[in-house]
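The chain contents come next:
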Amino acid sequence: MYDLLRDLSIVEVSSFVASPTAGLYCAQMGAEVVRVDQIGGGLDYDRYMQTAEGRSLSWENLNRAKKSVALDLRSAEGRELCVELARTTGQLITNLPEKSFLSHAAVSEGRPDMISVRIMGWHDGRQAMDFTVNAASGYPLMTGPAEWDPQTAPPVNQILPAWDFITGAYCAFALMAALHHRAATGEGSEVRVPLGDVALGTVANSGAMAEMLYRGADRERLGNAIWGALGRDFTSRDGKRFMVAVLTAKQWTAMVAALDIAEPVAVLEAETGLSFARSDRNRFEHREALFAIVQDAAGREDYAVLAERLAAAGATFERYRTMHEAVTDPVLVDDNPLFGPSPANPSGFAYPAARSLANLPGRAAGDPAPAPYLGQHSEEVLAERLGLSSGAIGDLIDRGVAAPGDRKTFRGTA
């Protein structure tokens, strides 16, 4: 956790993945992020998977280093408090609809320099989630074995909600841009980021949109092969699967040397009249013949020997792991400065926690901070941000408009 944003406070009213991710990234850079939730937890508070006590591991990790305020957002008084918290703070991240009590017009009333960043579904107001915009993007029907019939093959959904995480990162960036603009001009900004636009914009930025229009048809399925370059999964003599990727002349030279395949490659070059050393296109268009050469060499040795040779040559490769293998791998986790000691997680479960994904040499990253208990900072934030007295806060709690931390009252839903 760095302190570059230590002077920045943000109110976050959100659920699920994209919006909490935006707040998380800001918090990991030192911002004070105050997450406001419905008393008892919002839509994502008990998101699977849960511990035996009912604590959501997803919620716990997406809300590290944040403060938590619990209000009755179904009541007019609770909503008014939430709006006032956002307005007083000056920065808001949310995925609530614009036509909700937390509209930009409401939070910016009397505050022309207000900045709100709102995650939407589609640009026209339709609802969407990562999995539905992914269906619309075309990628699930581009994924799968090459031998599948394109007319009858099923879609292949991705496991990682990538559009959510990309959207969260983009929202954090958009917030920084709006802050920069306000510092220069004094003007606030209303920023809307549709999840669907992030997906389709990425399709366009990657060149895939232009490609589809240029070819006038869909791209063929390639299985595990890399599109436009040379790369695929291969199997060693002892049955280990590993990935080799070749996008540069250096990577090509390293792979050829490590696998000792210069001779069969030279034969293929003579047959085709092409050079593979400096042409992604040549390597890609003749990938099946090259894959056969690489697999033949890979199948002659155990993975440990291949890995030693590939690493010594400077090739780009990695062994396939299950996710459980990955998170218990000392090289990937235990010896990686990205991860710090387990903080006092609300779940009570101790495990490595991620610091900021950015590494700033010369700056102390600090240890990962825990997620809050729901409502843990209700009294603190209402007093400091809104200037409410202890008696006024006690009255709000007694009437069920606000709630303190659920450390002792949590009962779980597992």
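Residues numbered from 1 in each chain as written. Predicted model: local features only at pLDDT ≥ 70, side-chain atom pairs only at ≥ 80, totals over all residues. Heavy atoms only, no water.

Draft legend 1. Spatial organisation of the overall build of the chain. Counting secondary structure elements, the chain contains 17 helices and twelve strands. Its C-alpha atoms give the chain principal-axis dimensions of about 85 × 45 × 45 Å. Here the chain holds 414 residues, and 45% of them are scored as buried. Long-range contacts, defined as pairs at least 24 residues apart, comprise 67% of the intrachain contacts of the chain with a sequence gap of at least 6. (Helix = DSSP H or I, 4+ residues; strand = E, 2+ residues; numbered from the N terminus. Buried < 20%, exposed > 50% of the residue type's maximum accessible area, 1.4 Å probe, protein only. Contact = heavy atoms within 4.5 Å.)

Draft legend 2. Structural view of the nonpolar core. Membership of the largest hydrophobic core comes to 30 residues, with the highest contact counts inside it found for Phe242, Trp252, Met255, Leu259 and Ile261. Of all the secondary-structure elements, those providing two or more residues to this core are strand 7 (230–235), strand 8 (241–246), helix 9 (249–259), helix 10 (262–272), helix 12 (287–298) and helix 13 (303–313). Beyond its immediate stretch of four places on either side in the chain, Trp252 contacts Leu230, Val246, Val265, Phe276, Ala277, Arg283 and Leu290. In terms of nonpolar packing, the next biggest core, distinct from the first, is built from 25 residues, Ala18, Leu175, Val193 and Val198 among them. (Core = buried A, V, L, I, M, F, W, Y, C linked by side-chain atoms within 4.5 Å.)

Draft legend 3. Fine view of the layout of surface pockets. By volume, the largest pocket is sized at about 1400 Å³. For the lining of the largest pocket, the elements supplying multiple residues, two or more each, are helix 1 (18–28), helix 2 (57–62), helix 14 (323–327), helix 15 (330–334) and strand 11 (353–354). Considered as a void within the structure, the second largest pocket measures approximately 1100 Å³ in volume. As for the second largest pocket, its lining consists of 39 residues, of which Ser15, Leu43, Asn95, Leu96 and Pro97 are closest to the centre. Top element by residues in the lining of the second largest pocket is strand 2 (residues 32–38). It accounts for three residues. Partitioning the lining of the second largest pocket into residue classes produces 18 nonpolar, eleven polar and ten charged. (1 Å grid on protein atoms, 1.4 Å probe; cavity = no way out; pocket = protein on both sides within 12 Å on 5 of 7 lines; lining within 4 Å. Points joined across faces, edges and corners; volume = space filled by probe spheres on them. Nonpolar A, V, L, I, M, F, W, Y, C, P; charged D, E, K, R; others polar.)

Draft legend 4. Looking closely at the sheet that holds strand 9 (residues 317–319). Overall, antiparallel pairing links the three strands, which are arranged 7-8-9 in an open sheet. Single-partner strands in this sheet number two, and they are strand 7 and strand 9. With strand direction ignored, the average angle separating the axes of adjacent strands in the sheet is 15°. Inspection of the sheet shows strand 8 paired to strand 9 by three bridges, in the antiparallel sense. (Pairing = 2+ DSSP bridges. Axes fitted to C-alpha atoms, helices over the stretch in contact; angles between N-to-C directions.)

Draft legend 5. Representation of the pattern of salt bridges. Enumeration according to the criterion identifies 31 salt bridges in this entry. Its salt-bridge partner being Asp395, residue Arg399 comes within 2.9 Å of it at the nearest N-O pair. The exposure class assigned to Arg399 is partly exposed, which follows from its relative accessible area of 44%. Within this structure, Glu12, Arg35, Asp37, Asp44 and Lys66 form a network of salt bridges that share partners. (Salt bridge = Lys/Arg side-chain N within 4 Å of Asp/Glu carboxyl O.)

Interpretation in functional terms is not warranted from these geometric data alone.
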